[in-house]
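# Architecture and fold: a report
Read off the chains here:
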There are 2 protein chains.
Amino acid sequence: MTEGPLIAGIELGGTKCICILARGPDAIEETVRIPTTRPAETLAAIEAVLDRWSGFVAIGIASFGPVSIDRHAADYGHITSTPKPGWAGTDIAGRLQRRYGVPTGFHSDVVGAALAEARWGAAKGLADIAYVTVGTGVGAGLIAGGRPVDGLTHSELGHIRPVRFPGDDWIGHCPYHGACLEGLVAGPSIAARIGHPAHEAPADHPVWDGVAHALGQLLHTLVLTGIPRRIVMGGGVMDASHLFPRVRAAMTRSLNGYIALPDVALVDSYVVAPSLGGNAGPLGAVVLGGQALADRDGTSFTTP
Amino acid sequence: MTEGPLIAGIELGGTKCICILARGPDAIEETVRIPTTRPAETLAAIEAVLDRWSGFVAIGIASFGPVSIDRHAADYGHITSTPKPGWAGTDIAGRLQRRYGVPTGFHSDVVGAALAEARWGAAKGLADIAYVTVGTGVGAGLIAGGRPVDGLTHSELGHIRPVRFPGDDWIGHCPYHGACLEGLVAGPSIAARIGHPAHEAPADHPVWDGVAHALGQLLHTLVLTGIPRRIVMGGGVMDASHLFPRVRAAMTRSLNGYIALPDVALVDSYVVAPSLGGNAGPLGAVVLGGQALADRDGTSFTTP
């Protein structure tokens, strides 16, 4: 068995945090759940867990956002402008890095899940993927060469403005953009439109036509970035399994043969559901920790 | 003076090729132009130039496309499905690499220009940028950490489908997508719409409203990738200098404050014209050669 490094991974979520001490999905030593309350209280609880753990050689954090992932910025490692009370401007990565003195990786929760699905999940073995989550919001993470694709900030491609389904002129639900992707297809957007939760809408509800069309536009855009060899789509809205064939068809129709590569044409294996479930977040944090360790050592991160 | 490696750069264009022997923009030893005719003839003429040159330690090629830049693919380094007679399926990088036995970089002409503008041009000193060319077609190249952003293939974001300018339902000019970005704003698309070349349309011609709106949608999407610290926009259509303020305004209006970073808010320095002119292509090839060399040696590519 390959022995990867032991890493403390933290998924910092809006309602709960998951701390995991692991080398990989088949080598998890402990998992601890902590409610996300005020920053001081929550971070102290995380530190109490990490204080008790020994032997980890790196820390990874996959956080709700927006977060600053720009290493050139003064606020690197912070949660930035979240509406979540008390959390805006909170330093996460710097605090833990200083306390434990080990390499500390930090990125968005979406990118974390993308990294985990690329390493151990539904896109295992592929270095270049996209991961989309359609739930309370719409997130899209891109991984190229096994690493997060970013620069100034992390992807916010859930807020692109899609062309509309013919005849649909609903104003949408995004406070910034109205009918951007998130404003059309996120769970709360669908609920605002139909007056009840999305999961209560049957497969033949007309709302799904517009949802599938808009998500097809997101996939069209993701394919045209040139990056993904596979696109993994998760989140509560995608639990409506009838969506997958409709979204794949919408993507194919929109591209209209433009990217003539078999990877994309084999659409059932190109657009897939995730496979790690609730472990994608904390395992993504483990990958972020492993990559921070590898960056320090000038090596690459291997895992069991 | 820093001495960078001497590199043979080749910009392979649809009508002409430019071969350059250089260490950087201030250290160009020779430039040779060759008409692009049939592949065998054109490649032999390039080889005649390189045979005569001595001392170059790497080759870089920035080619018209589509090209295969996937190192895992059997057709890596080839031009793939171009309609240009005789060129589909032509091996470029492999042929030159075998003949000269030096590290050989290969990418699209758009990515080449992006690399050159990031290293020496209008985005000098920035590792994370986007480069957009609006001319015969629309190309968009992304650079992150100083390297091309890609995976399965190169960016084709010039073919995203923008939401339309209110009241505009022209069918567009792209044979694949109709009213995608290229189908609305490329030079031939504008000409098809107004019946004469784009550069003959005065600044108050109504066609520009839709062009600026569509380009604003492309910039909206590029910003949301999270990558660019600056966006460089060139190509013949952007020679209409009145477009810059309109495109910047369209981007700002569309984002509506969503990415609250000063880099993006300072829009006059965020969206800029290129500065290398016709040298961007061949100098981009020099960067590609330098990066191939650095990859072999496990170093980084430094330049004068």
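Source: prediction; values computed, not measured.

### Comments concerning the packing of aromatic side chains
Considering all chains together, one arrives at eight aromatic pairs over all chains under this definition. Ring geometry for Tyr176(A) against Tyr258(B): centres 4.8 Å apart, planes inclined by 80°, an arrangement best described as edge-to-face. Taken as a pair, Tyr176(A) in the loop between β8 (147-148) and α4 (181-185) and Tyr258(B) in the loop between α7 (243-255) and α8 (262-265) lie in two separate chains rather than in one. Among the residues examined, Tyr176(A) registers a relative accessible area of 37% and is labelled partly exposed. On the basis of relative accessibility, which here comes to 19%, the residue Tyr258(B) falls in the buried class. Note on Phe64(B) and Trp87(B): the rings are 5.6 Å apart at their centroids and 75° apart in plane angle, and the pair reads as edge-to-face. In this pair, Phe64(B) is assigned in the loop between β4 (58-63) and α2 (93-100) and Trp87(B) in the loop between β4 and α2, connecting sequence segments 23 residues apart.

### A short note on the sheet that holds strand β9 (residues 231-234) of chain B
All names here are of chain B. Strand order across the open sheet formed by five strands is β8-β7-β6-β9-β10, with mixed pairing between neighbours. Each edge of the open sheet carries a strand with a single partner, namely β8 (147-148) and β10 (271-272). Most of the contacts of helix α6 (residues 207-224) go to β9, to which it runs at about 150°, and overall it touches β6 (129-134), β7 (138-144), β9 and β10.

### Re helix α6 (residues 207-224) of chain A
All names here are of chain A. Look at α6: 26 Å from first C-alpha to last across 18 residues, which is about the 26 Å you get at 1.5 Å a residue. With respect to burial, α6 is a largely interior element, 17 of its 18 residues being buried. Residue glycine 226 follows α6 closely and has a positive phi angle near 90°.

### Here we look at the environment of Arg246(A)
Residues and elements named next belong to chain A. Among the secondary structure elements, arginine 246 is positioned in helix α7 (residues 243-255). By relative accessible area, which is 24% here, arginine 246 ends up partly exposed. Distance from arginine 246 to alanine 212, taken between C-alpha atoms, is 5.8 Å for residues 34 residues apart in sequence. Setting aside chain neighbours within four positions, we find arginine 246 in contact with Ala203, Trp208, Asp209 and Ala212.

### Here we look at the interface of chain B and chain A
Listed per partner, the contact involves 39 residues of chain B and 39 residues of chain A. Interface area lost by chain B to chain A is led by Leu152(B), Arg161(B) and Tyr258(B), which between them contribute 22%. Between Asp70(A) and Arg229(B) there is a salt bridge; the shortest N-O distance is 2.9 Å. Summed over the shared surface of chain B and chain A, the result is 26 residue pairs in polar contact (both at pLDDT 80 or more). Contributing elements (two or more residues each) for the side of chain B that touches chain A: α6, α7 and α8 of chain B. Residue classes in the side of chain B that touches chain A are distributed as 16 nonpolar, 15 polar and eight charged.

### Examining the relation of the copies chain B and chain A
Each copy of the sequence occupies a distinct position, and chain B is placed on chain A by a rotation of 180° and an axial shift of 0.0 Å, giving an RMSD of 0.0 Å. Here the transformation between the copies is reduced to the relation of a two-fold axis. Residues of chain B ranked by C-alpha distance from the rotation axis are headed by Val163(B), positioned 2.4 Å from it. With an isologous cut-off of 70% or more, the 100% of interface residues of chain B that recur at the interface of chain A puts this contact in the isologous class.

### Regarding the environment of Phe64(B)
All names here are of chain B. Judged by its relative accessible area of 8%, phenylalanine 64 falls in the buried class. Note: C-alpha distance between phenylalanine 64 and histidine 107 (43 residues apart in sequence) is 8.9 Å. Residues within four places of phenylalanine 64 in sequence aside, it is in contact with Leu12, Gly13, Gly14, Ile79, Thr82, Lys84, Trp87 and Asp109.

### Side note on the domain arrangement of chain A
Residue and element names in this part refer to chain A. Under the domain assignment, chain A is made up of domain 1 (7-109 + 277-297) and domain 2 (122-272). On a C-alpha basis, the centroid separation for the pair domain 1 and domain 2 is 27 Å. On the side of domain 2, nine residues touch domain 1, which itself brings eight residues to the contact. Taking both sides of the interface into account, the surface hidden between domain 1 and domain 2 amounts to around 720 Å²; carbon and sulfur atoms contribute 50%. Of all residues in domain 1, Ile69, His107 and Gln291 give up the largest surface area on contact with domain 2, accounting jointly for 53% of the area buried on that side. At the boundary of domain 1 and domain 2, one finds one salt bridge. Arginine 147 is the partner of aspartate 295 in a salt bridge, and the nearest nitrogen-oxygen pair spans 2.9 Å. Counting across the domain 1 and domain 2 interface gives four residue pairs in polar contact (both at pLDDT 80 or more). Of all the secondary-structure elements, those providing two or more residues to the side of domain 1 that touches domain 2 are β5 (104-108) and α10 (280-297).

### Overview of helix α3 (residues 109-119) of chain A
With nine of its 11 residues buried, α3(A) lies for the most part within the structure. Taken residue by residue, α3(A) has Val110(A), Val111(A), Gly112(A), Ala113(A), Ala114(A), Leu115(A), Ala116(A), Glu117(A) and Ala118(A) as its buried positions.

### Things to note about the nonpolar core
In terms of nonpolar packing, the biggest core is built from 96 residues, with Trp208(A), Met233(A), Trp208(B) and Met233(B) touching the most fellow members. The contact partners of Met233(B), leaving out residues within four places of it in the chain, are Val132(B), Leu215(B), Leu219(B), Met238(B), Phe244(B), Val247(B), Val271(B), Val272(B), Ala273(B) and Pro274(B).

Criteria and cut-off values
Residues numbered from 1 in each chain as written. Chains lettered and ligands numbered in written order. Predicted model: local features only at pLDDT ≥ 70, side-chain atom pairs only at ≥ 80, totals over all residues. Heavy atoms only, no water. Phe/Tyr/Trp six-rings, centres within 6.5 Å; stacked < 30°, edge-to-face > 60°. Helix = DSSP H or I, 4+ residues; strand = E, 2+ residues; numbered from the N terminus. Buried < 20%, exposed > 50% of the residue type's maximum accessible area, 1.4 Å probe, protein only. Pairing = 2+ DSSP bridges. Contact = heavy atoms within 4.5 Å. Axes fitted to C-alpha atoms, helices over the stretch in contact; angles between N-to-C directions. Expected span 1.5 Å × (residues − 1). Buried area = accessible area lost by both parts, 1.4 Å probe. Salt bridge = Lys/Arg side-chain N within 4 Å of Asp/Glu carboxyl O. Polar contact = N/O pair within 3.5 Å; in protein donor to acceptor, adjacent residues only side chain to side chain. Nonpolar A, V, L, I, M, F, W, Y, C, P; charged D, E, K, R; others polar. Least-squares fit on C-alpha atoms with pLDDT ≥ 70 in both. Domains from an automatic or database assignment. Core = buried A, V, L, I, M, F, W, Y, C linked by side-chain atoms within 4.5 Å.

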